[in-house]
Amino acid sequence: MTGGEVAGILVAVFWAILVSFLAVVLVRLAQTLRATTRLVSEVTEQAVPLLADASATVRSAQTQLDRVDAIATDVQEVTSNASALSTTVASTFGGPLVKVAAFGYGVRRAMGRTDETPGERGRTVIAGRSVPPARGGRGRWGRKG
């Protein structure tokens, strides 16, 4: 055997080992791709119902938000109506009631002046009690005022 033949045999053996190694790698790659394909199909089968449920939940939430919006609008309307009613009642009855109260106060003061004795002048009447007028000396806490 010549040196060229030995070199040819070594190259052939090297190529056979290389091809075997590549064949093993390709077989493992094919198995990995099959497993990946199976995994993706399982995830897809589970994800589609989850997305459908999520979509239904979002639709339900939107419906509830629409209802809450309608309720908030109604409450705002009721509040503005109550405010308008309060303003109307105050303007309708407020002025005359103040006038009647002022008239009653004036009548009481006028009636009270004729019933006063000279010693009661300068006293303030509070709920049926007579309170003496304020003194010019020291106040409640001993200060001038």
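In this numbering scheme, every chain counts its residues from 1 along its sequence in written order. Note on the predicted model: pLDDT of at least 70 is required for a residue's local features to be given, and 80 or more for side-chain atom pairs to be given and counted; whole-chain, interface and lining totals, by contrast, use all residues. Calculated side-chain values reflect all of the structure's heavy atoms, with hydrogen atoms and water omitted.

Student: What should I look at first to understand the overall build of the protein in this one?
Tutor: Secondary structure assignment for the protein yields one helix and two strands. Note on conventions: DSSP H or I runs of at least 4 residues are helices, E runs of at least 2 residues are strands, and numbering of each starts at the N terminus. Secondary structure of the protein in N-to-C order comes out as α-β-β. The rule is simple: take the accessible area with a 1.4 Å probe, protein chains only, and divide by the maximum for that residue type; under 20% is buried, over 50% is exposed, in between is partly exposed. For the protein, the residues scored as buried account for 0% of the 145 residues in total. All accessibility values rest on the Shrake-Rupley procedure with a 1.4 Å probe; residue burial counts only the protein chains present in the view. Accessible surface, the protein: about 13000 Å² in total, of which carbon and sulfur atoms supply 66%.

Student: I tried to follow a nonpolar patch on the surface on my own but got confused; where do I start?
Tutor: Together, Met1, Val6, Ile9, Leu10, Val13 and Ile17 make up an exposed nonpolar region whose accessible area comes to about 620 Å². Locating Ile17 in the fold gives a position in helix α1 (residues 3-115). Here a patch means residues that are over 30% exposed by relative accessible area and free of salt bridges, tied together within 9 Å if like-charged and within 5 Å if nonpolar (Val, Leu, Ile, Met, Phe, Trp, Tyr). Basic side-chain nitrogens of Lys or Arg form a salt bridge, by our definition, when they fall within 4 Å of a carboxyl oxygen of Asp or Glu.

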